[in-house]
Amino acid sequence: GWAFALTPVKSVEVLVDGSTAGLASYGTSRPDVASAFPGQPDNTGFQFLLESTKFVNGAHQVRVKISDTAGNIAILPTAQVTVAN
């Protein structure tokens with residue numbers, strides 16, 4: 001995914017079923033985002049590898065919580081994933 005704010009992004013947290021699964025790696029190159037939003041840097045990408053074996057098989061709710069250095073928080077819409085280990 002990608003994210004940017006008026007102030008620098010501090011963290012990108014991944015939540016599964018309402019609990020923290022971990023922090024995404026933030027700052028990867030996303031020239032497509034910089035192209036679509038002139039004036040924004042191209043290092044707005046993030047990625048997270050979810051270790052599915054930590055979850056029971058079945059449906060789970062995943063959300064991404066983005067915090068910036070000014071204390072603002074944005075929570076992205078929920079995505080449903082199905083774990084089938």
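Residues numbered from 1 in each chain as written. Predicted model: local features only at pLDDT ≥ 70, side-chain atom pairs only at ≥ 80, totals over all residues. Heavy atoms only, no water.

Draft legend 1. View of the overall build of the chain. When helices and strands are tallied, the chain shows one helix and seven strands. Mapped in sequence order, the helices and strands of the chain form the string β-β-β-α-β-β-β-β. When the backbone C-alpha atoms are referred to their principal axes, the chain occupies close to 45 × 25 × 20 Å. When burial is assessed residue by residue, the chain has 26% of its 85 residues classed as buried. Taking as baseline every contact in the chain between residues at least 6 positions apart, the subset at least 24 positions apart corresponds to 49%. Within the structure as shown, the chain displays about 5400 Å² of accessible surface, and the carbon and sulfur contribution to it stands at 55%. Counting 5 positive and 6 negative side-chain charges, the chain places the averaged centre of each group 6 Å from the other. (Helix = DSSP H or I, 4+ residues; strand = E, 2+ residues; numbered from the N terminus. Buried < 20%, exposed > 50% of the residue type's maximum accessible area, 1.4 Å probe, protein only. Contact = heavy atoms within 4.5 Å. Areas by Shrake-Rupley, 256 points an atom, 1.4 Å probe, with all protein chains shown as cover. Lys, Arg positive; Asp, Glu negative; His and termini not counted. Charge placed at Lys NZ, Arg CZ, Asp CG, Glu CD.)

Draft legend 2. Region of interest: the environment of Asn-43. Tracing the chain through its elements places Asn-43 in the loop between helix 1 (31–36) and strand 4 (45–47). For Asn-43, a relative accessible area of 37% corresponds to the partly exposed category. With 39 residues separating them along the chain, Asn-43 and Phe-4 place their C-alpha atoms 9.2 Å apart. Setting aside anything within four residues of it in sequence, one finds Asn-43 in contact with Tyr-26, Gly-27, Thr-28 and Ser-29.

Draft legend 3. Looking closely at the pairing of strand 1 (residues 9–16). Counting buried positions along strand 1 yields six of eight residues, so the element is predominantly enclosed. Where strand 1 meets strand 5 (residues 58–68), seven bridges bridge the pair, whose relative direction is antiparallel. Across the sheet, the residue bridging to Val-12 is Ile-66, located in strand 5. Where strand 1 lies against strand 2 (residues 19–23), four bridges are found, and the strand directions are antiparallel. Within strand 2, the residue paired with Glu-13 across the bridge is Leu-23. Connecting strand 1 to the antiparallel partner strand 2 that follows it, the hairpin turn spans two residues, and Asp-17 within it adopts a positive phi of roughly 55 degrees. (Pairing = 2+ DSSP bridges.)

Geometric values such as these leave the question of function open.
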